[in-house]
Amino acid sequence: MPMPGLAGGRGTAEALRPLVDTVCGALAEGARDRGGPVPRGGPEGVARLVDQAAPDVLPLAGTGEHEALATLVHLMAAGAADPADALCAAHLHCPPLAVAAAADLAASALNPSMDSWDQAPAASALEARVTAALATLVYPDLPAPDALVTTGGTESNQLALLLARERAAGGPRVQVVCGANAHHSVQRAAWLLGLPQPIVLDTPAGVLDPAAVATALDQLPGRPLVVATAGTTDSGAIDPLPAIAHATGRHGAELHVDAAYGGPLLFSSREAAKLDGLQSAVSVTLDLHKLGWQPVAAGLLAVPDGTALRPLAHQADYLNATDDTEAGLPDLLGRSLRTTRRPDVLKLAVTLRALGREGVADLVDRVCDLAADLADRIERHPALTLHAPPAISTVLFRPTAATDEETAELRRRLLHEGRAVLGRARAGGRLWLKATLLNPHLRPDDLDTLLNLTTEGTTAR
Ligand SMILES: *Cc1c(COP(=O)(O)O)cnc(C)c1O
């Protein structure tokens, strides 16, 4: 077998391009063979597909580059829950833009590693500019906001709690206060960082009650950290940020906003006001692999001033020797807790440049409009009940006559039959079907198809 070619350098055109052709062909064929949003047959059906396509995943002799790509990429596509399919709408799992995926290919080919300048010269300089620009979207009135690139909301929330812990160093430990609607990663971060268990406030209305926040803070010493959510995972609800910011400010507490889902509303002049109050936060979590149409991973943690990130500074001679730093080589270690790190910024930079802020805003507006349209259709539907008007692009609904058990069973049946991927969420003591609309290409027909699937008896696809 010939030596495998390299992705980068002068070999790119000869080595990579034909392989990319094979990949594109296999993606298209796999999607066609799947024929729906998800393969039929549930876990057993998928296990059979995998065993048939890849009976030996560690062969002694290789099958060659094109065969391996054609077979396994086809398998992945044929067996995917494909967020680009109109009927795949369960999670905050977005269909990535082609332009972002193409940029990510370049990131893989060049393979800059963001832990030292001599591994990522242009990538680190580009990252500094893109993070500053995105931080300015969050904190438009401040002179030097900054942001870190993370693997997503989980890591961003962890970093936010770590920074709060470090700000409180020497004093009492930071007590986190959050709503029952907060993401599970807030609890885990407190556990990981050795902080007291968060105080979790009930959110019967789906959002944090500022009065309940104030009451909780009244009983707490020190400088608690309130975590509010702008776009809950379950329903997309946005906590009343101005009132919560007011309550935290009055008590001398700090506010972190988890805007993993809702953050990109900032791009849209029509939707941005929903995030008023965000600027009061000491840190803000954003995910562009949700409402930002990026391939995973594309997380951010924004802070009002770059100096807030100082606690993350760290020194290791092989990456940022002091004399190198003094001689002017940028020190990247304080930009993450990870060491080797992908240049996830490239796909972001390419997307922002290709679409512009207006182009991203248009996609945001579209999915919000689609959710409003879906909610209207549900309200008018005689057999369906809407939970509440959507705050962003998540719609909770259920067949009016169904019990919670029947609703859960319906969701599993649609998944097993490969007909639709819908999520589930509890709200107001009931179980709801969840449609998280992140596909800007959806048409009104698709919305009707989705609803019909939840009201009809099932027939073979
Ligand atoms: C998705 C989500 C997270 C976690 O983000 P990951 O990118 O999955 O790590 C955190 N908070 C909220 C509100 C989310 O919706």
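Residues numbered from 1 in each chain as written. Predicted model: local features only at pLDDT ≥ 70, side-chain atom pairs only at ≥ 80, totals over all residues. Heavy atoms only, no water.

**Brief notes about empty space enclosed by the protein**
- Enumeration according to the criterion identifies 3 cavities of 30 Å³ or more in this entry.
- Taken as a whole, the largest cavity encloses approximately 80 Å³ of empty space.
- Around the largest cavity sit L97, F267, L288, G292, W293, Q294, L348, T351, L352, L355, V360 and L363, which together line it.
- Split into classes, the residues belonging to the lining of the largest cavity amount to 9 nonpolar, 3 polar and no charged. (1 Å grid on protein atoms, 1.4 Å probe; cavity = no way out; pocket = protein on both sides within 12 Å on 5 of 7 lines; lining within 4 Å. Points joined across faces, edges and corners; volume = space filled by probe spheres on them. Nonpolar A, V, L, I, M, F, W, Y, C, P; charged D, E, K, R; others polar.)

**What to know about the side chain of R398**
- Tracing the chain through its elements places R398 in strand β9 (residues 394–399).
- For R398, which is buried and forms no salt bridge, the nearest opposite charge comes from D404, at a distance of 5.4 Å.
- Those residues in contact with R398 that sit more than four places away from it in its chain are A383, L384, T385, T407, R430, L431 and W432. (Helix = DSSP H or I, 4+ residues; strand = E, 2+ residues; numbered from the N terminus. Buried < 20%, exposed > 50% of the residue type's maximum accessible area, 1.4 Å probe, protein only. Lys, Arg positive; Asp, Glu negative; His and termini not counted. Salt bridge = Lys/Arg side-chain N within 4 Å of Asp/Glu carboxyl O. Contact = heavy atoms within 4.5 Å.)

**Let's talk about the pairing of strand β5 (residues 254–259)**
- Most of β5 is tucked away: 6 of the 6 residues are buried.
- Side-chain alternation along β5 places E254, H256 and D258 on one buried face and L255, V257 and A259 on a second face that is also buried.
- Here strand β4 (residues 225–229) pairs with β5 via 5 bridges, running parallel. Residue pairing in the sheet places A228 in a bridge with V257 of β5.
- Handedness of the crossover is the feature at issue here: the chain leaves β4, passes through helix α9 (residues 241–250), returns alongside β5, and the resulting connection is right-handed. (Pairing = 2+ DSSP bridges. Right-handed = clockwise from strand over helix to strand, strands pointing away.)

**Quick word on the sheet that holds β9**
- Here 4 strands make up an open sheet; going across it, the order is β8-β9-β11-β10 and the pairing antiparallel. On the outer flanks of this sheet lie β8 (384–386) and β10 (423–427), each paired with one strand and no other. Across the sheet, the mean angle from the axis of one strand to that of its neighbour is 40°, orientation sign disregarded.
- Across 3 bridges, the pairing between β8 and β9 is antiparallel. (Axes fitted to C-alpha atoms, helices over the stretch in contact; angles between N-to-C directions.)

**Details of the UniProt feature "modified residue: N6-(pyridoxal phosphate)lysine" (unreviewed entry) in the protein chain**
- In this structure's numbering, the residues bearing the UniProt feature "modified residue: N6-(pyridoxal phosphate)lysine" (unreviewed entry) are K290.
- Note on placement: K290 falls in the loop between β6 (283–287) and β7 (299–303).
- Under the relative-accessibility criterion, K290 is labelled buried at 13%.
- A polar side-chain atom of K290 sits 3.4 Å from a polar atom in the side chain of D287. (UniProt positions renumbered as here; feature names shortened; annotations may be inferred. Polar contact = N/O pair within 3.5 Å; in protein donor to acceptor, adjacent residues only side chain to side chain.)

**Topic: the pattern of salt bridges**
- Applying the stated criterion across every chain yields a total of 24 salt bridges.
- Among the ionic pairs, R342 bridges to D104, the shortest N-O distance being 2.7 Å. One end of the pair, R342, is in the loop between α11 (322–326) and α12 (345–380); the other, D104, is in helix α4 (residues 98–110), and 238 residues separate them in sequence.
- On the accessibility criterion, D104 (11% relative accessible area) is buried.
- E254 is the salt-bridge partner of R223, the closest N and O atoms lying 3.1 Å from each other. With R223 in the loop between α8 (210–218) and β4 and E254 in strand β5, this residue pair connects regions lying 31 residues apart in the sequence.
- E254 sits in the buried class, given a relative accessible area of 8%.

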